[in-house]
Amino acid sequence: MTIAENLFENLRLELRRGCLTLAVLAQLRQERYGYTLRKALAERGLEIDESTLYPLLRRLEAQGLLASEWREEEKRNKRFYRLSSDGEQIFDQLLKEWQAINTSINSIL
Amino acid sequence: MELLDRYLQAVKKHLPWQRQDDIIAELKANLEAQLEDKEAALGRPLTNDEAMAWLKQLGSPVQMAAPYQAQQYLIGPAIFPTYRYVLQLACTWAVVINVVVIGVKLAFEENTSPAAWLEVLQHVPFTLLLTAAWVTLIFAAIEFAVAHSKTKWMPPAAPSASWSPVELPPLGEGGVAGKKPRSYSKAVAEVIFGFLFLIWLLLVPRYPYLWVGPGAPYLLASPFTFAPICVQFFWWVVVLNAFQLIWHCVDLLRGTWQRQQPVKLIVMKVFGLIPLTLLLNAPEHAIVLLKHPALDQARYGETLAQINKGLHQALTVLFVIVALLLAWDIGKMIVGLYRKRVAAMG
């Protein structure tokens, strides 16, 4: 990887990082488990590696933004996540912030 | 699928032990669901090669487990700027003090070989390493304590509500970057205490108890007295303090007490070296003498020699430290002037 490519990759990852959290929180307004969440995001054009998404879910849960529970589905125990009440509030604030940034960036571009 | 189980087993080894089983159970459920989807799309189980390609795409077990680890720092970003500052300061002073002390010690030893001087230089890396190790250890302990405490700690450099723009250093010529302006109360206090100190200094020769307190009678009764060179030293100190007091008074009257004046400070430090030089050049290094040499030489001669030797060594160390500080100040001023000139040109 050239220096320019490396720089681009770092900036791209930086740009994606905050967006991923917002996308995950948005998707978890509806309860899902890890794999279906990953599929749902991919279907909307946002591919996330397993090694990024699953630890992110744990972190968001540790921060109190998500609630989870183990439940059996299709003869397999799965951990289902959904937005917690704190998560809903934070998500609303982040969404407004995102929309404001998006409007600004669009007007700048 | 055996290969997936082997993969998960390898991942487990790199996970935090408290949550290993929970994370592996979740990963297994997610990856098995993904595998089922793949197999359903193909209409057959994955071949060994396909399974290996899939697992390879997931990343190595270490890569998969790493994001589950809590972020750990030896010294985190919150305290790192303070750590770097303290490290620089501690290393600089450790080396300076070490070299000065050992250097002076060697200078007073008879028949000092070049190898002994080389040994002083060899001490430098060891001193640096030891100082850096201690500073790092202390800051690592602070980081550990902060990371494990329930309350969140804010670094001192973080913006706070108590910060005020008034604290910013003044602009203008002669300003020293990064230094707070002197307040009016500090300038007035300097004049008052400067005056009181001068009075005290002038009274000391007449009333020795002002200097040595209850030890004054013992000083008078002792067989020792100060050499005449000490009188010159005393008057130099008086003159320097009087000059400094006048300077502070002028600054106060002209309303320029806030302005830092590096050149004046350097000049004062240069003059400050004069009384020290006087004592260092005392004939035969005799700063203390016997009141009655003819009577007491036999009894106190050796003690007197030891006192004068000790005083001379201490004064040499002091002189070297003051000279180094002066060189540092001059260097800083030259760098500041050079930067100003470059900025003006560019």
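Scroll up to find the structure this text is about.
Remember, it's a predicted structure, so these values are computed and weren't measured experimentally.

## Thoughts on the side chain of Gln20 of chain B
All names here are of chain B. By the secondary structure assignment, Gln20 is in helix H2 (residues 20–42). Residue classification places Gln20 among the buried residues on the basis of a relative accessible area of 18%. Only 3.0 Å separates the side chain of Gln20 from the backbone oxygen of Lys12, close enough to count as a polar contact. Other than its neighbours up to four places away in sequence, Gln20 contacts Lys12 and Leu15.

## Side note on the packing of aromatic side chains
Inspection of the entire model under this criterion finds six aromatic pairs over all chains. Aromatic pair Tyr83 of chain B and Phe139 of chain B: ring centres 5.4 Å apart, planes at 65°, arrangement edge-to-face. Of this pair, Tyr83 of chain B sits in helix H5 (residues 80–108) while Phe139 of chain B sits in helix H6 (residues 114–148); the two residues are 56 residues apart in sequence, bridging distant segments of the chain. Given a relative accessible area of 10%, Tyr83 of chain B falls into the buried group. With relative accessibility at 11%, the residue Phe139 of chain B sits in the buried group. A network of ring pairs unites the aromatic residues Phe80, Tyr83 and Phe139 of chain B as a single cluster. Above the ring of Phe80 of chain A, the side-chain terminus of Arg71 of chain A is found at 4.3 Å from the ring centroid.

## Some thoughts on the packing of helix H1 (residues 2–13) of chain B against H2 of chain B
Residue and element names in this part refer to chain B. Remark: H1 packs on H2, axes separated minimally by 10 Å, with the N-to-C direction vectors making an angle of 150°. Taken as axis vectors, H1 and H2 run roughly antiparallel relative to one another. The chirality of how H1 crosses H2 is right-handed. Along its contact with H1, which presents Leu4, Asp5, Tyr7, Leu8, Val11 and Lys12, the element H2 presents Gln20, Asp21, Ile24, Leu27, Lys28, Leu31 and Glu32.

## Regarding the interface of chain B and chain A
Reports of interface size often rely on the accessible area that becomes lost once the parts have come together. Opposite the 19 residues of chain B that make contact, chain A presents 17 residues. Both faces combined, the contact of chain B with chain A buries some 1600 Å², and carbon together with sulfur accounts for 48% of it. There are six salt bridges connecting chain B and chain A. A salt bridge links Glu26 of chain B to Arg58 of chain A; the shortest N-O distance between them is 2.8 Å. Put simply, chain B and chain A have 12 residue pairs in polar contact (both at pLDDT 80 or more) between them.

## Quick word on the pattern of salt bridges
Opposite charge on two side chains lets them pair, provided their charged atoms get close. This model, assessed by the stated rule, comprises 18 salt bridges over all chains. The partner of Glu31 of chain A in a salt bridge is Arg71 of chain A, with the nearest N and O atoms 2.7 Å apart. In this pair, Glu31 of chain A is assigned in the loop between helix H1 (3–27) and strand E1 (32–33) and Arg71 of chain A in strand E2 (residues 66–73), connecting sequence segments 40 residues apart. Judged by relative accessible area, which is 30%, Glu31 of chain A ranks as partly exposed. In this structure Arg71 of chain A comes out as partly exposed when scored by relative accessible area, which is 32%. In this structure, Lys269 of chain B and Asp329 of chain B form a salt bridge, with 2.4 Å as the shortest nitrogen-oxygen distance. You can see Lys269 of chain B sitting in helix H11 (residues 262–280) and its partner Asp329 of chain B sitting in helix H12 (residues 293–345), a full 60 residues away along the chain. Judged by its relative accessible area of 34%, Lys269 of chain B falls in the partly exposed class. Asp329 of chain B gets classed as buried once you look at its relative accessible area, which sits at 19%. By sharing partners, the salt bridges in this structure join Arg58, Glu61 and Arg79 of chain A together with Asp22 and Glu26 of chain B into a single network.

## Looking at the sheet that holds E2 of chain A
All names here are of chain A. If you walk across this open sheet you meet the three strands as E1-E3-E2, and the pairing is antiparallel. Looking along the sheet, the strands with just one partner apiece sit at the ends: E1 and E2. Across eight bridges, E2 lies against strand E3 (residues 76–83) in antiparallel orientation. Across the sheet, residue Glu69 finds its bridge partner in E3, namely Phe80.

## Brief notes about the nonpolar core
One finds Val24 and Leu57 of chain A together with Leu27 of chain B to be the most contacted residues of the largest nonpolar core, which totals 43 residues. At the level of elements, H1, helix H2 (34–43), helix H3 (50–62) and E3 of chain A together with H1, H2, helix H3 (48–58) and helix H4 (61–65) of chain B are the ones that each hand at least two residues to this core. Core analysis: the second largest hydrophobic core is formed by 10 residues, Ile229, Leu278, Leu279 and Ala282 of chain B among them.

## A word on the environment of Lys38 of chain B
All names here are of chain B. Note on placement: Lys38 falls in helix H2. Lys38 gets classed as partly exposed once you look at its relative accessible area, which sits at 29%. Sequence-wise, Lys38 and Trp54 are 16 residues apart; in three dimensions their C-alpha atoms are separated by 9.9 Å. Here Lys38 is in contact with Leu46 and Trp54, once residues within four sequence places are set aside.

Rules of the game
- Residues numbered from 1 in each chain as written.
- Chains lettered and ligands numbered in written order.
- Predicted model: local features only at pLDDT ≥ 70, side-chain atom pairs only at ≥ 80, totals over all residues.
- Heavy atoms only, no water.
- Helix = DSSP H or I, 4+ residues; strand = E, 2+ residues; numbered from the N terminus.
- Buried < 20%, exposed > 50% of the residue type's maximum accessible area, 1.4 Å probe, protein only.
- Polar contact = N/O pair within 3.5 Å; in protein donor to acceptor, adjacent residues only side chain to side chain.
- Contact = heavy atoms within 4.5 Å.
- Phe/Tyr/Trp six-rings, centres within 6.5 Å; stacked < 30°, edge-to-face > 60°.
- Lys NZ or Arg CZ within 6 Å of the ring centre and 35° of its normal.
- Axes fitted to C-alpha atoms, helices over the stretch in contact; angles between N-to-C directions.
- Parallel < 35°, antiparallel > 145°, perpendicular 65-115°, else oblique.
- Left-handed = near helix turned anticlockwise from the far one by under 90°.
- Buried area = accessible area lost by both parts, 1.4 Å probe.
- Salt bridge = Lys/Arg side-chain N within 4 Å of Asp/Glu carboxyl O.
- Pairing = 2+ DSSP bridges.
- Core = buried A, V, L, I, M, F, W, Y, C linked by side-chain atoms within 4.5 Å.

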